[in-house]
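One letter stands for each residue in the lines below.
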Amino acid sequence: MLPATVNARPPEAAASIAGAYAAHQARTNRGNTAYTQAAKTFLDRFPHVQDWAERPLNERLSASQSLRPFLTFLILTRRLQPGYDYLLGRKFSSIWRDLGGTALEDDLTRFVAAAREQGYSERVSSAMASQIVLRLLVGSGRPLNDLTPSDFDDLALAGAARQQRTGVSWRHYQDTTPGAWQVLFHLGILPGPASSTHRLPTTDRLVSVPEPLRDALVRYLNRKTVTCVPSTISGLTTRLAHFGRIVTAQGPTLSSLADLDRCRHIEPYLIAVSREVNSKTGLSLSKAEQARRIQAIANFLSEITEWGWPDAPPRRLLFRSDIPRLPRPLPRYLPPDADRALTEQLARSDTRLAADALLLQRACGLRIGELLDLEMDCVHEVPGNGSWLKVPLGKFDTERMVPLDDDTLDLLDRISSTRSAGRPLPNPRTGRPADFLFTHHGHRLGQNAVRGELARAGEAAGLGKLTPHQLRHTYATALVNAGVSLQALMALLGHVSAQMSLR
């Protein structure tokens, strides 16, 4: 059904439309006799231009090159609403040349300006506007301020339908959708921020696991949503799906989890995990990932037994000895020369926000999670005792204060000027809105961006592979070398025992 904005538009005389199109051609300096004749033929056939939208999709998409400029004019002036199927099947390569003086110009210009304020480049801002926002404005028939999450849902459904119908991916639209959503959120148009990840529903991700095992895995994952965050559920889904595929390939379809057997199912699974290849790198899974996969299955089987599920295995199938042992060396601190070389590389970085995040981590000894949880009001002035950084709830649910010197205060000022401004974002711990210190393109800065910048800087400095936690150990080592007491070190690092600090 078409929105009321289109249905309520009074019919406009063909002559009036032709005159407006002629003025548009003159303004854009893109008219010719072929374009004019194509428009006349169209109006003769469809004096009520919206009737054209009822024609079959293949007919709409097969419009001639001479007619397409007129269709674009009708769309941009809100005289024609062709449907999402057409909007996703049609390229609008000259949209910015045709936009001037049309009904959509102000909304798209406003969106691009807001995207630029969030730190997006001009190219990306224009892409989000033309690929997503234009189609939402036209497809919904509403102005920018009236767009809703359901409009994004309608666009996504149309994109999925197009991909199923034609086999042509709509990935380039999906890639720009979260950014467009986030800009509209910071404009105060959408009620909440975009999801940082876009995952298929659990049932879809487990579709390769035969029944009835799939049903049991889905029930377990639904139960875990009570106590686990979405990212944890996503990881569990990946590992359980792998387990389900392996054990059901070993013989007759399992009729129940109670039929799981150590020799026929679990041991082949353990061998399969040891030989599994990382789909991104093409290399064998790390020992840590192997351990995580096996531990996830051990927890699954243990918990359904504790919960009294009738189809739980009658005896224990996985043991501590099945989990690969991991080397546990502590991240080594950086010697002074390496510390200086890394600092110099970070100071010269073009990826300013991520580099400054690492410099702040080094200056204050923060864990990476604590670093990215910092809020704009994290600096506190203590009368007579200078400035201090309030570190939010961290690994042990404790807060602490870290003293700041002038250089670190200057660094914090630079971060405040580099971050993208906008509306507060939900705190993952509490759900309350928080004005985070590290925001980029309207989103919270992610760990992957910080780790990627550290990898680049470490390589450039000739230091090889580094981890963010090494910066925390470097901070602690510098304090010890400066004569800081064990009790003070514990307080600054947020350790709950002397043994942690001594290690």
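Predicted, not measured: the structure shown is a model, and the values here were computed from it. For every chain, the first residue of its written sequence is number 1, and the numbers climb from 1 along that sequence. Whole-chain, interface and lining totals are the exception, using all residues; otherwise, since this is a predicted model, local features are given only for residues with pLDDT of at least 70 and side-chain atom pairs are given and counted only at 80 or more. Calculation of side-chain values draws on the structure's entire complement of heavy atoms; hydrogens and water are dropped beforehand.

Thoughts on helix α5 (residues 68-76)
Phase 1: Within α5, eight of the nine residues are buried, leaving the element largely enclosed by the surrounding structure.
Phase 2: Those residues of α5 hidden inside the fold are in contact with α2 (14-28), α3 (33-45), α6 (84-89), α7 (95-98) and α9 (122-140).
Phase 3: With its phi angle positive at about 60°, R78 sits one or two positions after the end of α5. Here the term buried applies to any residue with accessible area under 20% of the maximum for its type, exposed to any over 50%, and partly exposed to those in between, with areas from a 1.4 Å probe on protein chains only. Helical segments are the DSSP runs of H or I of at least four residues, strand segments are the runs of E of at least two, and each set is numbered from the N terminus. The contact definition used throughout considers only heavy atoms, calling two residues in contact when any of these lie within 4.5 Å.

A closer look at the pattern of salt bridges
Phase 1: The salt bridge definition used is simple: a Lys or Arg side-chain nitrogen within 4 Å of an Asp or Glu carboxyl oxygen. Going through the model one piece at a time under the given rule, you end up with 27 salt bridges.
Phase 2: Salt-bridge contacts for D175 lead to R171; the nearest nitrogen and oxygen are separated by 3.0 Å. Of this pair, D175 and R171 both sit in helix α11 (residues 171-186), four residues apart, roughly one helical turn.
Phase 3: With a shortest N-O distance of 2.8 Å, R352 and D356 are connected by a salt bridge. One end of the pair, R352, and the other, D356, are both in helix α18 (residues 352-364), four residues apart, so they sit about a helical turn from each other.
Phase 4: Residue class for D356 comes out buried when judged on its relative accessible area of 0%.
Phase 5: Salt bridges sharing partners connect three or more residues here, namely R239, E289, R292 and R293.

Looking at the packing of aromatic side chains
Phase 1: Think of it this way: a Phe, Tyr or Trp ring, Trp meaning its six-membered ring, pairs with another when their centres are within 6.5 Å, and the plane angle makes it stacked under 30 degrees, edge-to-face over 60, tilted otherwise. Under the definition given, this model contains twelve aromatic pairs.
Phase 2: A ring pair is formed by Y21 and F73, whose centres lie 5.2 Å apart and whose planes are at 45°; its orientation type is tilted. Placement of the pair is Y21 in helix α2 and F73 in helix α5, with a sequence separation of 52 residues. Like F73, Y21 is buried.
Phase 3: Seen from their ring centres, F42 and F46 are 5.2 Å apart, and the 45° between their planes marks the pair as tilted.
Phase 4: These aromatic residues form a ring-pair network of at least three members: Y21, F42, F46, W52, F70, F73 and Y86.
Phase 5: Charges are assigned to positions over rings by a cutoff of 6 Å between ring centre and Lys NZ or Arg CZ, combined with an angular limit of 35 degrees from the ring normal. The lysine or arginine in question, R219, covers the ring of W309, its NZ or CZ lying 4.4 Å from the ring centre.
Phase 6: The ring centre of Y333 lies 5.3 Å from the NZ or CZ of R332, which sits over that ring.

Details of the sheet that holds strand β2 (residues 386-391)
Phase 1: Here we have three strands laid out as an open sheet, ordered β1-β2-β3, and antiparallel in their pairing. Looking along the sheet, the strands with just one partner apiece sit at the ends: β1 (379-382) and β3 (400-404). Across this sheet, the average inter-strand angle for adjacent strands is 40°, counted without regard to direction.
Phase 2: For two strands to pair, DSSP has to find at least two bridges joining them. The sheet contact formed by β1 and β2 spans four bridges and is antiparallel. Residue pairing for β2: V382 is matched across the bridge by G386.
Phase 3: Between N-to-C directions, angles span 0 to 180 degrees; the directions come from axes that are lines fitted to C-alpha atoms, helices contributing only their stretch in contact. Lying on the sheet, helix α20 (residues 406-418) is in contact with β1, β2 and β3; it crosses β3 at an angle near 105°.

A few points about the nonpolar core
Phase 1: Among buried residues, the Ala, Val, Leu, Ile, Met, Phe, Trp, Tyr and Cys ones that are joined through side-chain atoms within 4.5 Å form a nonpolar core. Grouped together as the largest cluster of nonpolar side chains are 57 residues, with contacts concentrated most on F42, F70, L71, L74 and F111.
Phase 2: Of all the secondary structure elements, the ones that give two or more residues to this core are α2, α3, α5, α6, α8 (105-117), α9, α10 (149-166) and α11.
Phase 3: A per-element tally of this core places α9 first, with eight residues.
Phase 4: When residues no more than four places from it in sequence are discounted, the contact partners of L74 are I17, F42, V49, R79 and L80.
Phase 5: With 38 residues, the next largest nonpolar core counts A338, A355, L366 and L374 among its residues.

Description of empty space enclosed by the protein
The rolling of a water-molecule-sized probe over the atoms marks out the regions of remaining empty space.
Phase 1: Detection works on a 1 Å grid of protein atoms alone, calling trapped sets that fit a 1.4 Å probe cavities and calling open sets with protein on both sides within 12 Å along at least five of seven lines pockets, with lining residues defined by an atom within 4 Å of a point. Grid points are joined across faces, edges and corners, and a volume is the space filled by probe spheres set on the points. Overall, the coordinates contain two cavities of 30 Å³ or more when judged by the stated rule.
Phase 2: What the largest cavity holds in volume is close to 50 Å³.
Phase 3: By residue number, the principal contributor to the lining of the largest cavity is α2, which donates four residues.
Phase 4: Gly counts as polar in this scheme, as do all residues outside two lists: the nonpolar Ala, Val, Leu, Ile, Met, Phe, Trp, Tyr, Cys and Pro, and the charged Asp, Glu, Lys and Arg. Each residue belonging to the lining of the largest cavity can be placed in one class, and the counts come to three nonpolar, four polar and two charged.
Phase 5: Each pocket or cavity is described by its volume, and for the second largest cavity that value is around 40 Å³.
Phase 6: Here the lining of the second largest cavity is composed, by residue class, of five nonpolar, four polar and three charged.

A look at the confidence of the model for the protein chain
Phase 1: Known as pLDDT, the predictor's confidence for each residue is given on a scale from 0 to 100. Summary statistics for the protein chain give a mean pLDDT of 88 and a share of 92% for residues scoring 70 or more.
Phase 2: For the protein chain, the element scoring lowest by mean pLDDT is helix α1 (residues 4-7), at 46; α18 scores highest, at 95.
Phase 3: With pLDDT under 50 throughout, residues 1-7 is counted as low confidence; its partners more than four residues away or in other chains account for twelve contacts.

Points about the side chain of T176
Phase 1: With respect to the helices and strands, the residue T176 is situated in helix α11.
Phase 2: Accessibility expressed as a relative area gives 13% for T176, which makes it buried.
Phase 3: Whenever a nitrogen or oxygen atom comes within 3.5 Å of another N or O atom, the pair is scored as a polar contact, on the condition that within protein one atom can donate a hydrogen and the other can accept it, and that pairs from neighbouring residues in sequence are kept only if both atoms are in side chains. Looking at T176, its side chain comes within polar contact range of the main-chain oxygen of H172, at 3.3 Å.

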